Amino acid sequence: MSKFINPFTDVGFKRIFGQEISKPVLITFLNALLQDEQHIVDLQYLDKEQPGDSADDRSLIYDVYCELDSGEHIIVEMQNKSQPYFKNRSVYYVSRAVSRQGEPGPEWRYDVKAVYLIALLNFKRDDISKEFRTDVALMDMKHKTLFSDKVRLVYLQLPYFTKEVDDCESIFEKLIFVLKHMDVLQRMPWLAQDAVFQKLASIADVASLNKKERDAYDENLRKYRDTIAVMEGQYLEGIVKANADNARKMKEKGYSIKDITDITGLTTEEIERL
């Protein structure tokens, strides 16, 4: 059994980011992420009131919705499962958070506060970028300048973060490393350097869960592993199908069985059955 909870489960993510006792962790994470832009002193957790997605769509999507002391809203989201309309969904969530600030009557002057979506993605999306961090804002396309600071989307694709312990320099990099590897760590790194890692170690320790929390976590972890296994199975099925399709085309073009075997990895028997 791992010493620390898996942050990619609902229970793990909410325990690390979504409860009062863990507020210092979230504030430190956001300040590190938005360094030189924001300095967050305090925040309060809000009811999400997000549109009702199907159970399948939200099977591996967890989020925390909060308001900063400055009035801005931040949605911190962990996603383990890619979606066909992922970017549209991100824009829709932010737009709803902006529109909910509206007040009826002629006196309101559209004094909206900024809304940030911070998406931690446990997968790669090549239609975003092939980088760990992608920042999106409203821009004047001709002059390449910021048009409005009221909407901000930050995508963090964890598979692209490849730094090891000794390579991490900033507090942000260290937090990302811990989140990515927490479920396999036997000790929390940087304990003596920063209180936030002491806090993380205390709230993320599996032994600190009471029976009700442990039962919920075990069920979450089982569901997470089952879903990941299905996704991996679908990925492997896709590879097998692609190899078969390629082998079939090569046969039609007159490639030798040996060449097809060398290229696709299929056996002679598998190729002959195509």
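This is a predicted model, so every value here is computed, not measured.

1. A word on the overall build of the chain
- Within the chain, the regular secondary structure consists of eight helices and six strands.
- Its helices and strands taken in sequence order, the chain reads α-α-β-β-β-α-β-β-β-α-α-α-α-α from the N to the C terminus.
- In terms of its C-alpha atoms, the chain occupies a principal-axis envelope of roughly 75 × 50 × 35 Å.
- Taking all 274 residues of the chain together, 42% fall into the buried category.
- Residue pairs at least 24 apart in sequence account for 58% of intrachain contacts in the chain once pairs closer than 6 positions are excluded.
- Accessible area of the chain: about 15400 Å², with a carbon and sulfur share of 52%.

2. Let's talk about the pattern of salt bridges
- By the definition in use, this model includes 16 salt bridges.
- When the shortest N-O distance is used, the salt bridge between Glu-213 and Arg-15 registers 3.5 Å. Residue Glu-213 is located in helix α6 (residues 211-252), and its partner Arg-15 is located in helix α1 (residues 10-17); the two are separated by 198 residues in the primary sequence.
- Judged by its relative accessible area of 29%, Glu-213 is partly exposed.
- Here Arg-15 falls in the buried class, since its relative accessible area comes to 13%.
- Notably, a salt bridge pairs Arg-125 with Asp-127, separated by 2.7 Å at the nearest N-O pair.
- You can call Arg-125 buried: its relative accessible area is 11%.
- You can call Asp-127 partly exposed: its relative accessible area is 37%.
- Put simply, Glu-37, Arg-133, Asp-135 and Arg-152 are held in one network by salt bridges that share partners.

3. Regarding the sheet that holds strand β6 (residues 145-157)
- The six strands lie next to each other as β1-β2-β3-β4-β6-β5, forming an open sheet whose pairing is mixed. Edge positions in the open sheet fall to β1 (43-45) and β5 (133-140), since each of these has one partner strand only. The average angle at which neighbouring strand axes cross in this sheet is 20 degrees, direction not considered.
- When strand β2 (residues 61-68) meets strand β3 (residues 73-79), the two strands line up antiparallel, connected through seven bridges.

4. Observations concerning a negative patch on the surface
- There is a patch of like negative charges on the surface, built from Glu-164, Asp-166, Asp-167 and Glu-169.
- Structurally, the position occupied by Glu-164 is in the loop between β6 and α4 (171-181).
- Assessed through its relative accessible area of 47%, Glu-164 is described here as partly exposed.

5. Structural notes on the packing of α4 against helix α5 (residues 195-204)
- Taken N-terminus to C-terminus, the directions of α4 and α5 make an angle of 15 degrees; their axes are 11 Å apart at the nearest point. Classed by the angle they form, the pair α4 and α5 counts as roughly parallel. Crossing geometry of α4 relative to α5 is assigned as right-handed. Along the contact surface, α4 presents Ile-171, Lys-174, Leu-175 and Val-178, while α5 presents Val-196, Phe-197 and Leu-200.

6. A word on the side chain of Glu-173
- Residue placement: Glu-173 occurs in helix α4.
- Polar side-chain contacts of Glu-173 include one of 2.7 Å to the side chain of Lys-163.
- Among the polar contacts listed, one links the side chain of Glu-173 to the backbone nitrogen of Glu-169, at a separation of 2.8 Å.
- For Glu-173, the residues in contact, after removing those within four places along its chain, are Phe-161, Lys-163, Asp-167 and Cys-168.

Conventions we followed
- Residues numbered from 1 in each chain as written.
- Predicted model: local features only at pLDDT ≥ 70, side-chain atom pairs only at ≥ 80, totals over all residues.
- Heavy atoms only, no water.
- Helix = DSSP H or I, 4+ residues; strand = E, 2+ residues; numbered from the N terminus.
- Buried < 20%, exposed > 50% of the residue type's maximum accessible area, 1.4 Å probe, protein only.
- Contact = heavy atoms within 4.5 Å.
- Areas by Shrake-Rupley, 256 points an atom, 1.4 Å probe, with all protein chains shown as cover.
- Salt bridge = Lys/Arg side-chain N within 4 Å of Asp/Glu carboxyl O.
- Pairing = 2+ DSSP bridges.
- Axes fitted to C-alpha atoms, helices over the stretch in contact; angles between N-to-C directions.
- Patch = residues over 30% accessible without salt bridge, like charges linked within 9 Å, V, L, I, M, F, W, Y side chains within 5 Å.
- Lys, Arg positive; Asp, Glu negative; His and termini not counted.
- Charge placed at Lys NZ, Arg CZ, Asp CG, Glu CD.
- Parallel < 35°, antiparallel > 145°, perpendicular 65-115°, else oblique.
- Left-handed = near helix turned anticlockwise from the far one by under 90°.
- Polar contact = N/O pair within 3.5 Å; in protein donor to acceptor, adjacent residues only side chain to side chain.

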